[in-house]
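Commentary on secondary and tertiary structure
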Amino acid sequence: MADHFAVIDVGSNAMRCQVAVVDHPKHYRVLEQERQPVRLGRDVFKTGKLNPQTAEAALKVLADFKKLSERFRVKALRAVGTSALREASDSRSFIKRAAQIGVPLEVLSEQEEARLISLGIMSGLRFHLPLGLFLDIGGGSVELAVANTTNTFCLFSLPLGAVRLTERYIANDPPRRKEVREIREFVQAQLKPVVRRVKREKFTMAFGSGGTITALAETNTRVTGDASKAGSLTVLRRQRLKALLEILMNEPAAERAAIISGDPKRADIIIAGGFVLHEIMSQVGLDYLFVSRRGLRDGLMVDLLQRHYSETGPWHPDADRAESLEQVSQKYLYDAPHAHHVSQLALNLFYQLHELHQLPEKYASVLNAAALLHDIGLFIAEPKHHKHSYYLIKSSGMKSFNKLDLELVANIARYHRKAHPSPKHLGFSQLAPANQEVVRKLSALVRVADALDFRREQRVESVSAALAKNKTLTIAATARANINDEIDWVVKKGKLLEEVFNLKLQLKRTRTHRAK
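Residues numbered from 1 in each chain as written. Predicted model: local features only at pLDDT ≥ 70, side-chain atom pairs only at ≥ 80, totals over all residues. Heavy atoms only, no water.

1. Here we look at the environment of D303
- For D303, the position within the fold is in helix α12 (residues 296-308).
- Of the residues examined, D303 reaches a relative accessible area of 6% and is grouped as buried.
- Along the backbone, D303 and P314 are 11 residues apart, and their C-alpha atoms lie at a distance of 9.7 Å.
- Apart from residues lying up to four places away in sequence, D303 is in contact with R78, E112, R115, L116 and L119. (Helix = DSSP H or I, 4+ residues; strand = E, 2+ residues; numbered from the N terminus. Buried < 20%, exposed > 50% of the residue type's maximum accessible area, 1.4 Å probe, protein only. Contact = heavy atoms within 4.5 Å.)

2. Observations regarding the packing of helix α8 (residues 211-224) against helix α11 (residues 270-284)
- The geometry of α8 relative to α11 is characterised by a closest axis approach of 10 Å and an angle of 90 degrees between their N-to-C directions. Considering their axes alone, α8 and α11 lie roughly perpendicular with respect to each other. Along the contact surface, α8 presents T212, I213, A215 and L216, while α11 presents I270, G273, G274 and L277.
- Taken together, the residues of the contact of α8 with α11 sort by class into five nonpolar, three polar and no charged. (Axes fitted to C-alpha atoms, helices over the stretch in contact; angles between N-to-C directions. Parallel < 35°, antiparallel > 145°, perpendicular 65-115°, else oblique. Nonpolar A, V, L, I, M, F, W, Y, C, P; charged D, E, K, R; others polar.)

3. Looking at the packing of helix α17 (residues 385-396) against helix α18 (residues 403-414)
- One way to put it is that α17 packs onto α18 with a least axis distance of 8 Å and a crossing angle of 165 degrees. When the axes of α17 and α18 are compared, the pair comes out roughly antiparallel. Seen along the crossing, α17 lies across α18 with a hand that is right-handed. Where α17 abuts α18, its residues H386, K387, Y390, I393, K394 and S396 lie against L406, E407, V409, A410, N411, A413 and R414.
- For the contact of α17 with α18, a count of residues per class yields six nonpolar, three polar and four charged. (Left-handed = near helix turned anticlockwise from the far one by under 90°.)

4. Comments concerning the nonpolar core
- Counting residues in hydrophobic clusters, the biggest one holds 100 residues, and the most contacted among them are F207, I393, L442, L452, I475 and L497.
- If near-sequence neighbours (up to four positions away) are discounted, L452 is found in contact with L345, V460, V463, A477, E486, V490 and L507.
- Formed by 46 residues, the second largest nonpolar core is a distinct cluster that contains V146, I170, L191 and I271. (Core = buried A, V, L, I, M, F, W, Y, C linked by side-chain atoms within 4.5 Å.)

In structure tokens, the structure reads:
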């Protein structure tokens, strides 16, 4: 019989429970998830004590969560509290009463909470993350961590929770500009030493989690109609967040409740939480971040499973349904004419230069996918879009490719511009030498094909390639229009091809023969 496990997160703004089953090693399947909007942090950050009525409501929810876990006959249950219980002077009494219900409650340290949040987000990613920044806005505190799957490089917990700042600064509805300004000034002061440390770490992606951030991201999607999704992640851009906050801060709580996604009871704290997020993004220099619905609860589950099972290694929830190449292409709004043209040119070169690269024909499908998807990172942002393409492809889990081939597709797309493949790059360094050679050869072809459509006008109709005895490769591009810019770009982007195959590349244009 499969083993079942349960975790409970007693947060400052809500309480959550998750029940999961382990069907096979290193993977678990979530069976039940519940959230109850009990705000245990109410009054705590002003008085230093739990609100008696809220405490009673929280204990009732704990009893219900206990019954849920018993229904599944869980093998282990772990329940934790966060900032409200860390700071309440009467938290021991609450913990004692929770134990009488049958729920042993552990109060997490600030550092452990930040670690578990980043663990929860990372366990849901379907690609290797070299280094990420993880940000969670809770009711009482904000957790920041820079980490990867093996190490945590810095952890911070700051008293910037949405409930805490709302109770401290906002007395009017809608809030006055002065109140918002005071929140921003306080956040800036708290962030100053932290930002310097975080910026020293060269993280490649930033992730946001927690109810406030997910509510803002989903509200933005609903208000703007822009469903910016990256697999299971939602993309929230700083400029969009700023515009959304301008709308929300001018509405009373009753109107905000109708606007925001998720729990309408969050309407009173969404302004404070939103400006905390905007200040963090501004100070750290984030134009956007990836918003995950995973967080502390998921990190608790992974940590519980790692403790329970002696073997080491990462645990992951069962993956979402895999998508096809066409579905991934369409999802990220790619430039279809350009992508298909680059694929056609790259495949032409692949087949014409078989004696040169000597790769089996099976790699044609890998090359085709990489060429079609090389620019999907533009969906996230233009700067570093080749790296975004890599992560989007990795996270897609395309059903038409096995794990290794998907890795090859992602790497080839990643190297369609900028730096050449290098052992200094983690994703590339983890490939076997033979597969590294495949990436080098095929990304060289994609670079040339991409340059041949530099203006994205499909001016080059076809290509023919000939290798002379003096190791000069001549590519003749057939075109009716002027392609001087395309030729210049091929010279620049063809350096990798010259390096990989140890030859000299030259381009020439041949005119299309028009029918008389």
